[in-house]
Amino acid sequence: MLASIFALSLLLVACGGGDGDESEDTGSEDSGSEEESDSGSGEGSEEASGDFESDQWRMVTEELQGEVQFVYAQEFAKRIEEKTGGAITVEALEYGALGSETDQAQLLQQGGVELAVMSPGFTGGQVPDGQIFSMHYLFPTDQEQIHQILKDSEALNTDLRKKYEEHSITPLAYWSEGQMAWTSNTAIKSPSDWEGLNVRVQESPLMRESYDAYGATVQSLSWGELYTALDRETVDAQENPIFFIESASFNEVQDYMMISGHNNYVAMTTANTEWYNGLDDNVKAVVDETVKELQDWVFDEQKKQNEAGLQAIKDEGSTEVIEFDEDQIAEFREAIQPVHEYYREEVEGIDPELFDKLKGEIEEVTGE
């Protein structure tokens, strides 16, 4: 599998991989670029680019052009190129360019790409603590609060980061793509409504346990297969952020969308650990600075896309939107509490102290 992915990645580079278009998207406006090409390589070129050596990186994402992860990668590329005077370019790759979500995670670990935006859900088998992001009703529903927690949490940005680095993945930042919503051809208003339904999930033992608590069965599929599965009713339900549900047209084949407050879709900006640790200090500083800047930028971007997606689904009119009230959320919270205990006490390989630390940080932010 990896051999074929490496071959494909080499082919993309050989064919240009969209570099021509990407240079426009990423806004290479450095006035010294022509002088740089005239002077050739060597000391003159390095001086013209602000003491940054020329390099090309790739950032793979789990989403398509125009969607949150991809526009994040484009903005990252634009800022890196501007800050290095055009010396370093970053190619943003949409979903499918180098395989499935799992393939992309493996490629990052092997050093086949330098950077990736990924969901922790696709690494839960390697880093069990990463499953914490799939726990229902752990994080707040308030988007400003989840934004603050993901930016400031020591449990995530220090403790969990170290665990990922044991597998050659360095999480540089965690950020939310917005609230997850459920879609189904059955109206789900209480936990019992899940009874007998088959829901598509990421490959995560904790997700299986969560839906089992509601009485549902689960099936792991790449999102590229999901529309067909929903259309053919081999899968009854799924969960994703609202913008993605509309972008992928899942609402076309689902009668109901439940805004349930059960979770947020957390993405990680990641780097191959060996590559990142080997960067020159000035280059690493530019990467870190850019990632930090993009925390607030992507919060605004996902908010804009989710609001537009919700309005588009309502305007389209074939999917009934159900927004849970506090009583419904409380009922689901009670139903899922045994899974929180299961995670802490029984999931193999997790650190209970990390879980307790994160819960304490969440409570400090929410005041609950």
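Everything in this summary refers to the structure shown in the same document. (Residues numbered from 1 in each chain as written. Predicted model: local features only at pLDDT ≥ 70, side-chain atom pairs only at ≥ 80, totals over all residues. Heavy atoms only, no water.)

The subject of this paragraph is a negative patch on the surface. A cluster of like negative charges, contributed by Asp 325, Glu 326, Asp 327, Glu 331 and Glu 334, occupies part of the molecular surface. Structurally, the position occupied by Asp 327 is in helix 14 (residues 326-346). A residue is classified by how much of its surface remains accessible, and Asp 327, at 64% relative accessible area, is exposed. (Patch = residues over 30% accessible without salt bridge, like charges linked within 9 Å, V, L, I, M, F, W, Y side chains within 5 Å. Areas by Shrake-Rupley, 256 points an atom, 1.4 Å probe, with all protein chains shown as cover. Salt bridge = Lys/Arg side-chain N within 4 Å of Asp/Glu carboxyl O. Lys, Arg positive; Asp, Glu negative; His and termini not counted. Charge placed at Lys NZ, Arg CZ, Asp CG, Glu CD. Helix = DSSP H or I, 4+ residues; strand = E, 2+ residues; numbered from the N terminus. Buried < 20%, exposed > 50% of the residue type's maximum accessible area, 1.4 Å probe, protein only.)

Once that is clear, we can look at the pairing of strand 3 (residues 115-118). Remember that side chains alternate between the two faces of the sheet whenever the strand is regular. Of the two faces of strand 3, the one carrying Leu 115 and Val 117 and the one carrying Ala 116 and Met 118 are both buried. Judged from the two bridges that link them, strand 1 (residues 55-60) and strand 3 form a sheet pairing that is parallel. Paired with Met 59 across the bridge in strand 3 is Leu 115. Across four bridges, the pairing between strand 3 and strand 9 (residues 264-272) is antiparallel. Bridging from a neighbouring strand, Val 117 pairs with Thr 269 of strand 9. (Pairing = 2+ DSSP bridges.)

Topologically, Trp 275 is positioned in helix 12 (residues 273-277). The buried category is assigned to Trp 275, whose relative accessible area is 19%.

Quick look at helix 8 (residues 154-165) now. Over its 12 residues, helix 8 extends 15 Å from the first C-alpha to the last, a length consistent with the 16 Å expected when each residue adds 1.5 Å. Within the sequence span of helix 8, burial applies to Ala 155, Leu 156, Leu 160 and Tyr 164. Mapping the buried residues of helix 8 onto a view down its axis gives an arc of 100°, with all of them on the same face. Buried-residue contacts for helix 8 involve helix 7 (143-152), strand 4 (169-184), strand 9 and helix 15 (352-366). (Expected span 1.5 Å × (residues − 1). Arc of directions from axis to C-beta. Contact = heavy atoms within 4.5 Å.)

This part is about the side chain of Lys 284. Relative to the helices and strands, Lys 284 resides in helix 13 (residues 281-316). Contact partners of Lys 284, with chain neighbours within four places excluded, come to Tyr 276, Asn 277 and Leu 279.

This brings us to unusual backbone geometry. Backbone geometry follows two general trends: most residues other than glycine have a negative phi, and most peptide bonds adopt the trans configuration. Despite not being glycine, Tyr 137 has its phi angle at roughly 55°, a positive value. Relative to the assigned elements, Tyr 137 resides in the loop between strand 3 and helix 7. In this model, Glu 233 sits at a positive phi of 60°, which is unusual for a non-glycine residue. Residue placement: Glu 233 occurs in the loop between helix 10 (226-231) and strand 7 (237-241). Classification of Glu 233 by relative accessible area gives exposed; the value is 55%.

The final tally for this structure, using the stated rule, is 17 aromatic pairs. Ring centres of Trp 194 and Tyr 214 lie 6.4 Å apart, and the angle between their planes is 20°; this geometry places the pair in the stacked category. Residue Trp 194 is located in the loop between strand 4 and strand 5 (198-201), and its partner Tyr 214 is located in helix 9 (residues 205-214); the two are separated by 20 residues in the primary sequence. Per residue, the accessibility class of Trp 194 equals that of Tyr 214, and both read buried. Between the aromatic rings of Tyr 211 and Tyr 214, the centroid separation amounts to 5.9 Å while the plane-to-plane angle is 80°, which identifies the pairing as edge-to-face. Note that Tyr 211 and Tyr 214 are positioned in helix 9 at a spacing of three residues, about one turn of the helix. Ring pairing ties together the aromatic residues Tyr 137, Trp 182, Trp 194, Tyr 211, Tyr 214, Phe 324 and Phe 332, which thus form one cluster. Against the face of Tyr 276 rests Lys 284, its NZ or CZ located 4.9 Å from the ring centre. (Phe/Tyr/Trp six-rings, centres within 6.5 Å; stacked < 30°, edge-to-face > 60°. Lys NZ or Arg CZ within 6 Å of the ring centre and 35° of its normal.)

Turning our attention to the pattern of salt bridges. Under the defined criterion, the tally for this structure stands at 12 salt bridges. Arg 79 is the partner of Glu 75 in a salt bridge, and the nearest nitrogen-oxygen pair spans 2.8 Å. Of this pair, Glu 75 and Arg 79 are both found in helix 5 (residues 68-83), four residues apart, which corresponds to roughly one turn of the helix. The same class applies to Glu 75 as to Arg 79, namely buried. Its salt-bridge partner being Glu 345, residue Arg 344 comes within 2.9 Å of it at the nearest N-O pair. We classify Arg 344 as partly exposed; its relative accessible area is 24%. When salt bridges that share partners are traced, they join Glu 75, Arg 79, Lys 83, Glu 289 and Glu 293 into one network.

This brings us to helix 13. Here helix 13 contains 36 residues, and its C-alpha end-to-end distance of 51 Å stays within 8% of the 52 Å for a straight helix at 1.5 Å per residue. Positive backbone phi, approximately 90°, marks Gly 317, located one or two places after helix 13.

How two helices pack is summed up by the angle between their axes together with the distance between the axes. Contact geometry of helix 9 with helix 14 gives a least axis separation of 9 Å together with a crossing angle of 145°. Between helix 9 and helix 14 the crossing geometry is right-handed. Across the interface between the two elements, Leu 206, Glu 209, Ser 210, Ala 213 and Tyr 214 of helix 9 pack against Phe 332, Ala 335, Ile 336, Val 339, Tyr 342 and Tyr 343 of helix 14. (Axes fitted to C-alpha atoms, helices over the stretch in contact; angles between N-to-C directions. Left-handed = near helix turned anticlockwise from the far one by under 90°.)

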